[in-house]
Amino acid sequence: MPVHIVRLLLLLATFLILAVAARNYVLDPSYYRFGDYRSDAVIEIAADPPQFRGPAYCQACHAERHTEWTAGVHRNVKCEVCHGAAREHPADGPLPKPDDTIKLCTVCHEAMPTRPATHPQIVVAEHPVPHDGPLQCLTCHNPHSPKVGGQPRLTADQATNAPVAAETAAAVQLSPRMVELTTPCTPCHGADGRNSAMSAALAGGERDMLARKLQEYRSGALQHSIMNAVTSPLTDEDIADLAEHYASLPGGPTQ
Amino acid sequence: MIMLESAPFTGYVYPNETIIPWTLLIAIYPYLTGLVAGAFTVSSLHHAFGMERFKPVARFALLTSLSCMIFVPLPLILHLGHPERAMNAMITPHLSSAFAMFGFFAAFYVLLLLLECWFVFRADNVARAQSSTGLLRAFYRAVTLWSDDVSAKAREYDRKWLLALAIIGIPGAHGLHGYVGFVYGSLKSREWWGSDLMPVVFIFSAVISGMALCIVLYVFAAKVRRVRIDFACLKGMAYTLWGFMMFTLLLEALEFANLVYKGREGIELVMEYVRGPLFVRMFVVQFGFGALLPIGIISAMIARDTRGKAFVVGLVISSLLVLMSVFMMRWNVVIGGQEISKTMKGLLTYIPPLYGRQGILAGIAVMTAPFLLLWLLTRLFPPWGDMSPEGSK
Amino acid sequence: MTQDPSKDKSGRRAFLRNAGKALAGAMGGGALLADSAARDEHVAGATGTQSFPTEEYDWKEHRWAYGIDATRCIGCLRCVEACKTENGVAGDAHHFRTWVERYVYLDGEDKAHVDSHHDPQNIAASGSESEYRFDNRYKDANVTKAFFVPKMCNHCEHPSCVQVCPVGATFRTEDGVVLIDKEYCIGCEYCVQACPYGARFFDDETRTSDKCTWCYHRITKGLQPACVEVCPVEARIFGDLNDPSSPVSEFISKNRVQVLKPETGNAPACFYVGLDKEVS
C-alpha cells in the first residue's frame, strides 16, 4: 500500500481512538443506568423543595382559623390559594392578606355565563343589592367561612393585620317574622347588633332614633346605597318592630 | 438572552405556540445541506458516473459542497439553547431521534467530503508542495501527509478510493439531507409537515438547488477568471437541472395535492392559510417564478437551440430563480408549518428580527460564510485545471 | 514502492495489511469493551433493592395518572398561578406548564369561540401578564353552551417528545412521569415541535425545554401537584393507579373517560371527563 494511504489510515484510526476515549471520559456515570438518560437527573428533580405547604402546615400555628375554615363552605379553598405559597413562612415573614377582595373573590365568583350554573356566582354591581362604587367582600363575608349568618365577619384589624381572635355570635332567640326581617341586617350589624367594626352598632340604641333612621333611609333623606335598598320594602310596622328589636338587645358596640 | 418576540395570532392557538421555536436559521440549515447534496451530485456525475462532460465543473462542485458542509452546523449552533452541550448528541446519541442520527451522518459526511477532496487534489498538492516555499510549502507538505508519491500505482489507489468515496457519498449526501426531510415528515404533530413524501421532496429540491448553484458559480468563476465556458458542460448541467426541476415540481405538487385530497380534520384552516398568507409565497414565488418560469425558460432555450451568451444568461437567470424558490420552499415548510397552529383553529405570523443570534443579519452572515470559504479554498486548491478544455490533470 | 504488483501476498504490503486489520480489530474491540464495561458497572448497582430516587420513595411502587373533570372547572386559574409559583415558570403570557381553555358556543353558531391566557383581552382583565383571569366578554351574549378545559403535559406512555430528543434529556420515569434533565438538554426544541398537545416550551432562563412535571418534587414526597392542591372545585384529580382507592383510580373507574388526540397513538395519562367535539 502506498505510504500516503497508510498514513491516512493511521490518522483516521488515531482520530477514532481519541474520539471514543474522549467520549467515554466525558460520559456521565449515571447515564444509561435505567435507560437513555442521566439517572441523577431524577434525583435532582425530586430533591426540589415544595413552595406550597398545604393546610396541615398552616394548622400547626393557626389552629383556630383552621377549625373555622374546615367547618365552613370554603373548606375546599386552601389557605395558600388566597394567601400565596407558604414557602419558608414564618421564617421569611408574614404572608400577605389580600387587600382588594373584589379583585380576588371575583376570580371565582364573578358571574360568567361560561361557568357551571351550580357554582355560586354574583354580579358584582348588584351584590348584595344594586350599588355603584366598590363594596369590598369583607364587608359582609368572612373569607374563611363566607356563608352569611354562619361565622362572624372579620373585624377591621383581623382583615388587615392582627393574629386570629375567635369570636362567637351571641345566640338570640327570634320569632320567624323577626328572623326574616333581620336577615338583611345581620351580615353588617351582627346577629347581636353589636358589630361596630364596619357598621353602626344597633344594640341598645334608642328605639325612636333607630326608627327615625330607618324612615330616613327608606325615604332617601339619608343616602347609603345598601341602607336605601334594604329599607325600601319595609312597612311602617316593620320599621317599628325592627327598632323595638334592636333597642332591646343588650350591650353597646363590641370592643 | 433576549426572548423572541411573541408571534401575533388569529383564531385560537396554544399559549405556548406564541413563541415560534424554529426560526430563520432553521430554514437556512436545510437550504445549506441541500446545496451540499446538490453540489456533490454534480461532482458525482463525473467522479462516480464517469461522465466526462462534467469534468470541467466536477472539482469546483466538490469544493462548493465542502465549503457549504463546513458551515452546516453553524445555524444549528446559533439556534441551540446550549451550544456548548451540542456534543451530547454524539456522546449519548438517543438512537430513536433523527437529530441524533444527524450527528453521525454529518460527521461521517464531513469526513467523506474531506477524504474525497484530499484524493481529488492530492496530485496537485504534491506538485504545489514541490514548487512552493516557506509556510505554504509546509502547509502543502502537511496536507499531502508528507508523501510525494504520484506514481501510477499510487494514482491507481487514489482512483479506487475516489470511486468508492464518490459512490458511498451519494447515499451519504442524500441521507444527510434526506434525514432533514424525515425530521419534518415523520412528525405527527403538524399536518403541514407530516407526509411520507417529505424526505423525497427535500432531496430532489436539494439536488436542483445544488445544481443551480454550481451553474451560477461556474459561470461567475469563468467570467472572473476570463476563461471560456465549456458549453458542453454547461448544457449538460442545464439538462440535468431541467429534468430534476420538472420532477421536483411534480413531487411538490403531489405532496400538496395529497394533503388537500385527504382532507383530514383541520383542512379548512390549512386551506385558509394557503389561500391567505401563504398564497404569494408559495404559488407566486415558489411555484410560479421559482419553478414554472425557469422550466419555461430552459424549455424554450432547448427547443430553440439557443447558444452562446443568450443561453448563458437565460440559464443563469433560471438558476437564480431556482435558488430563490428552493429557499422559499424551505421557508414555507419550516416557518409555514409553525404558522399553522397545532390546535388547527388558528394561525400565527412569524417575523424574523433583524438583530440577535437568530436574526436576519445572522442569517445573511451564515449564508455568506460558505462562499468566503470557497474563495479561500479555490486559492489554496485551485480546481481550475479542468475548467478549460485544454486543462487536464 | 517498487515491488511488482503481482506479488500481492508477500513482503511489506502483506505485513502492513495484516497489521492494519489487527489494529482496527483491537481498537474496535477495545472501544466496545470499554463502553460495555462502563455500562455494566452502572447497571449493577441499579437493579438491586436500592430505593430510587429517594430513600423514602421508590418509583417502582407507583404508577401516576391524572384526571380532569371539565364539567367542574370554573376557570378561576388558581392552578395556572400556583404552577408558576411552585415551579418558577416565567411570569408572562407565553410560557405555561398548565393552562385553561374556555370554549363558548353562542346562539346560532356551530363553532366554539376558544380563548386562553395569551388573549390580549384576558391579559387586560387581569392587568398584568403574570396574573391570570378570564374576562367576562360573554356576560351579555347569548351563550348556549360553555365550559373550561384545563390542559397540560399528558405524560404519555409513548411520548413523541422522548422519541425525538437527540441526547436523552427527556425521558419517562418508572413511575410514569415524563421529565426533562435541565443539565443535559441542548435546547434544540425538537421536542417542542413533536408534542401534539403544545405542552412544551423553551425556557429562556435555563435555555432548555420545559414542561409540566406533575410536580415530581412534590409527588415523591407524598404531596399532590400544586395545581391539584389549589383547585377549589376538585376539577383536577391526581393519584396512583396502583392503588384502587386513590382519587384517580376512582375517577377512571366511575366515569367514562377520554384522552386528547387519541389518534396520535401517544397513549396520554391525563384522563378527561366532559370534553366536547371542538376540544383539540
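Note that this is a predicted model, so its numbers are computed, not measured.

Regarding the overall build of chain A
Within chain A one finds 12 helices and 0 strands. Helices and strands appear in chain A in the N-to-C order α-α-α-α-α-α-α-α-α-α-α-α. Scored against the burial criterion, the 255 residues of chain A give a buried share of 27%. Restricting to contacts in chain A with at least 6 residues of sequence separation, those with at least 24 account for 55%.

Focus: the overall build of chain B
Within chain B, the regular secondary structure consists of 13 helices and 2 strands. In terms of C-alpha radius of gyration, chain B reaches 22 Å, essentially the compact-globule figure of 21 Å for 393 residues. Judged by the C-alpha coordinates and their principal axes, chain B covers about 70 × 55 × 35 Å. Each of the 393 residues in chain B was classed as buried or not, and the buried ones make up 50%. Counting only contacts in chain B whose residues sit at least 6 apart along the sequence, the fraction spanning at least 24 positions is 78%.

Side note on the interface of chain B and chain C
On the side of chain C, 40 residues touch chain B, which itself brings 35 residues to the contact. Per-element tally for the side of chain B that touches chain C: the top contributor is helix α5 (residues 98-131) of chain B, with 3 residues. Looking at the side of chain B that touches chain C residue by residue, the classes come out as 17 nonpolar, 12 polar and 6 charged.

Observations concerning the interface of chain A and chain C
Reports often express the size of an interface as the amount of accessible area lost when the parts come together. Contacts between the two partners involve 45 residues from chain A and, on the opposite side, 57 residues from chain C. For the side of chain A that touches chain C, the element with the most residues is helix α1 (residues 3-26) of chain A, which contributes 7 residues. Each residue belonging to the side of chain A that touches chain C can be placed in one class, and the counts come to 29 nonpolar, 8 polar and 8 charged.

Details of unusual backbone geometry
Following A:H89, the chain continues into A:P90 via a peptide bond in cis, with omega recorded as 5 degrees. For A:P90, the location among the structural elements is in the loop between α5 (79-83) and α6 (101-109). The residue C:H155 is not glycine, and still its phi comes out positive at about 45 degrees. Position of C:H155 among the secondary structure elements: in the loop between β4 (143-152) and α4 (160-164). Note on C:H155: 25 C-beta atoms within 10 Å, which makes it buried. Its identity is not glycine, yet C:R207 carries a phi of approximately 55 degrees, on the positive side. Relative to the assigned elements, C:R207 resides in the loop between β7 (201-203) and β8 (208-210).

Overview of the nonpolar core
With 208 residues, the main nonpolar core has B:V36, B:V57, B:I208, B:M211, B:C214, B:M237 and B:L241 as its most contacted residues. Ranked by size, the runner-up nonpolar core spans 11 residues in total, among them A:A201, A:L210, A:L214 and A:L242.

Some details on the packing of helix α2 (residues 55-71) of chain B against helix α8 (residues 198-225) of chain B
Residues and elements named next belong to chain B. In the contact formed by α2 and α8, the axes pass within 10 Å of each other and the chain directions differ by 115 degrees. One way to sum up the angle between α2 and α8 is to call them roughly perpendicular. As α2 packs across α8, the resulting crossing turns out to be right-handed. Within the contact between the two elements, α2 uses V57, F60, A61 and T64 and α8 uses L213, C214, L217, Y218 and A221.

Calculation criteria
- Residues numbered from 1 in each chain as written.
- Chains lettered and ligands numbered in written order.
- Predicted model: local features only at pLDDT ≥ 70, side-chain atom pairs only at ≥ 80, totals over all residues.
- Helix = DSSP H or I, 4+ residues; strand = E, 2+ residues; numbered from the N terminus.
- Buried ≥ 20, exposed ≤ 12 C-beta atoms within 10 Å, placed from the backbone.
- Contact = placed C-beta atoms within 7 Å.
- Rg over C-alpha atoms; globule rule 2.2 N^0.38 Å.
- Nonpolar A, V, L, I, M, F, W, Y, C, P; charged D, E, K, R; others polar.
- Core = buried A, V, L, I, M, F, W, Y, C linked by C-beta atoms within 7 Å.
- Axes fitted to C-alpha atoms, helices over the stretch in contact; angles between N-to-C directions.
- Parallel < 35°, antiparallel > 145°, perpendicular 65-115°, else oblique.
- Left-handed = near helix turned anticlockwise from the far one by under 90°.

Geometric descriptors of this kind do not, in isolation, establish any biological role.
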